[in-house]
Amino acid sequence: MSSTADKDRKTITREKLIASATMLFSENWYDAISIAEICRSAELSNGVFYRYFKNKEEIFTAILDEFLEIHAKRFTRLNGDSVEQRLVSFFSLILESNSNDLAYINIFREGEYRFPEYERRLRDIYLSVLKAVYGRDMKISEYLYIVGSIRFLLRRPCFTRDHVTAEFLKDLVYQGIFSVDPPADFDFLKIEAPSAADSMDDCDTRTKLILAGTKLIAEHSFYKVNIYEITRAAGYAVGTFYIYFSSKEEFFREVVLFFGVQLRKYISIYLSRDLGRMEAELQGMIIFLKYFETHIQNYQIVREAEFIIRPTAREYYNKFESGYLKNLTDIRIDDKVVASNFLIGIAHFLGIEFYFSGNIEDPVEVVKELAGPMCSGLKS
């Protein structure tokens, strides 16, 4: 066999493994997939795998690399003679990616926590594209406003509405969310909120099990934790678990919903009652970050739930959306659902940039900078 033919054969085999792994990882959490399953789906032997990849992590990161290459190449088609036209082009390419690269996007949503360097690389791609759109370097606050919001919206059902077009997204970014002026000062961002660290002291049995299980799942993942380990960590016998939960899946559902309740309760307690809606949004972001000082692992737990108990993950985000819909006022657009998720997305990626990617040193300053575009839009 010629060297060229041998090289082609190796390329085809590697591509089969990548295709198999992409399909499996896009539908399942990383820890749920084995090398044997990847090979079986690709109709190759396990031994063949190790000629191309050292381990499962290497093929997973190879997929992330492939996605970033495709994504960066897509934005070379950015066009337009003005900021407005280029912004529409940018969002058109985002929508195109959401249609064509959904498997990659699903995988990346796990990768952004598991391998933060890939999130940093994606952010750099977007910052480079936004520089081409606006003709200047962009602040991290502007990235969160334009890209963090839209990346979150991509995950939500409201993104599929007919009117959520590239032109609509451009208008959203251009005009801003709130129909009020930015604050004259930001003293309200000086938050005196205590640590939200959990303690099993004085908790009932069910809550102790949930807290113990949350810690274990965060450290090892749902698939690597068993019921015996959960009950032992909580100080109970295995039989106690089944008094409250019928299965590990039901337990995981309660973990996710419990965390959501605790987060919303924490924000509600420490959010000032005398603020306008826009100031409350900014203050809420700081309180949100304060909560995650001791609950950073819950970002990944909710992401894992999106693979294992999808309806619960949707319910988790829906409850936040419902809270916004009850209280969202002084906004410029008619679609409160989109506006709510736009704002949730900014806070979500603020947390990722601060806690996972390490790209934010002073989140209070970033939140202050967000006030301008959130009130007046970002036109230049």
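For the structure, check the block above.
Residues numbered from 1 in each chain as written. Predicted model: local features only at pLDDT ≥ 70, side-chain atom pairs only at ≥ 80, totals over all residues. Heavy atoms only, no water.

Chemist: I keep staring at the overall build of the chain and nothing clicks. Help me out?
Modeler: A tally of regular secondary structure across the chain gives 18 helices and zero strands. In terms of overall dimensions, the chain is globule-like: its C-alpha atoms have a radius of gyration of 23 Å, near the 21 Å expected for 380 residues. Structurally, the chain occupies a C-alpha span of about 70 × 65 × 35 Å along its principal axes. Once local pairs closer than 6 in sequence are excluded, the contacts in the chain between residues at least 24 apart make up 74%. Carbon and sulfur atoms form 48% of the exposed surface of the chain, whose accessible area is close to 17000 Å². Counting 48 positive and 55 negative side-chain charges, the chain places the centres of these two groups 3 Å from one another. (Helix = DSSP H or I, 4+ residues; strand = E, 2+ residues; numbered from the N terminus. Rg over C-alpha atoms; globule rule 2.2 N^0.38 Å. Contact = heavy atoms within 4.5 Å. Areas by Shrake-Rupley, 256 points an atom, 1.4 Å probe, with all protein chains shown as cover. Lys, Arg positive; Asp, Glu negative; His and termini not counted. Charge placed at Lys NZ, Arg CZ, Asp CG, Glu CD.)

Chemist: Sorry, what's going on with the packing of aromatic side chains here?
Modeler: Each aromatic ring pair is characterised by the separation of its centres together with the angle its planes make. Tallied over the entire structure, the rule returns 40 aromatic pairs. With centroids separated by 5.6 Å and ring planes inclined at 15°, the aromatic side chains of F259 and Y316 adopt a geometry described as stacked. Of this pair, F259 sits in helix α13 (residues 248-270) while Y316 sits in helix α16 (residues 310-327); the two residues are 57 residues apart in sequence, bridging distant segments of the chain. Taken individually, F259 and Y316 each receive the classification buried, so the pair is uniform in this respect. The ring of Y30 is capped by K56, whose NZ or CZ atom sits 4.3 Å from the centre of that ring. Across from the ring centre of Y174, 5.5 Å away, lies the NZ or CZ of K170, which sits over that ring. (Phe/Tyr/Trp six-rings, centres within 6.5 Å; stacked < 30°, edge-to-face > 60°. Buried < 20%, exposed > 50% of the residue type's maximum accessible area, 1.4 Å probe, protein only. Lys NZ or Arg CZ within 6 Å of the ring centre and 35° of its normal.)

Chemist: Explain the nonpolar core here, please?
Modeler: When a protein is soluble and globular, its nonpolar side chains tend to lie buried together. In this structure, F25, F90, I146 and F252 are the most contacted members of the largest nonpolar core, which totals 140 residues. Ranked by residue count, the leading element in this core is helix α17 (residues 336-356), at twelve residues. (Core = buried A, V, L, I, M, F, W, Y, C linked by side-chain atoms within 4.5 Å.)

Chemist: I'm lost on the environment of Q283 in this one. Help?
Modeler: Relative to the elements of secondary structure, Q283 occurs in helix α14 (residues 277-292). Considering only alpha carbons, one finds Q283 and I267, 16 residues apart in sequence, at a separation of 9.4 Å. Those residues within four positions of Q283 in sequence are excluded, and the remaining contacts are F188, L189, I191, Y270, L271, S272 and L275.

Chemist: I keep staring at a nonpolar patch on the surface and nothing clicks. Help me out?
Modeler: On the surface, a nonpolar cluster with roughly 300 Å² of combined accessible area is contributed by Y228, V238 and Y242. Along the chain, the position of Y228 falls in helix α11 (residues 227-234). (Patch = residues over 30% accessible without salt bridge, like charges linked within 9 Å, V, L, I, M, F, W, Y side chains within 5 Å. Salt bridge = Lys/Arg side-chain N within 4 Å of Asp/Glu carboxyl O.)

Chemist: What exactly am I supposed to notice about the side chain of T22 here?
Modeler: Tracing the backbone shows T22 in helix α1 (residues 3-27). Setting aside its immediate chain neighbours within four residues, T22 contacts I63, A103 and I107.

Chemist: How should α16 be read in this particular structure?
Modeler: Given 3.6 residues to a turn, an α-helix orients residues that are three or four positions apart in the same direction. Along its 18 residues, α16 runs 27 Å from first to last C-alpha, staying within 8% of the 26 Å computed at 1.5 Å per residue. Buried within α16 we find T312, A313, Y316, Y317, F320, E321 and Y324. Those residues of α16 that are buried are in contact with α8 (140-153), α13, α14, α15 (297-308) and α17. (Expected span 1.5 Å × (residues − 1).)

Chemist: It is not clear to me how the pattern of salt bridges should be interpreted in this structure. Could you clarify?
Modeler: Opposite charge on two side chains permits pairing when their charged atoms draw close. The tally for this structure, following the rule as stated, stands at 29 salt bridges. Where R74 meets E96, a salt bridge forms, and the shortest distance between an N and an O atom there is 2.3 Å. Of this pair, R74 sits in helix α4 (residues 56-74) while E96 sits in helix α5 (residues 83-100), and the two are 22 residues apart along the sequence. The class of R74 is buried, set by a relative accessible area of 9%.

Chemist: Would you mind going over unusual backbone geometry with me for this structure?
Modeler: Peptide bonds are, in most cases, trans, and in most cases residues other than glycine have a negative phi. For E43, which is not glycine, the phi torsion reads 60° and is therefore positive. Despite not being glycine, S221 shows a phi value in the positive range, around 90°. Structurally, the position occupied by S221 is in the loop between α10 (205-220) and α11.

Chemist: Which parts of the structure should I look at to understand the side chain of T61?
Modeler: By the secondary structure assignment, T61 is in helix α4. Among the polar contacts made by the side chain of T61, one reaches the main-chain carbonyl oxygen of E58 at a distance of 3.1 Å. With residues up to four places along the chain from it excluded, the contact list for T61 reads F115 and Y118. (Polar contact = N/O pair within 3.5 Å; in protein donor to acceptor, adjacent residues only side chain to side chain.)

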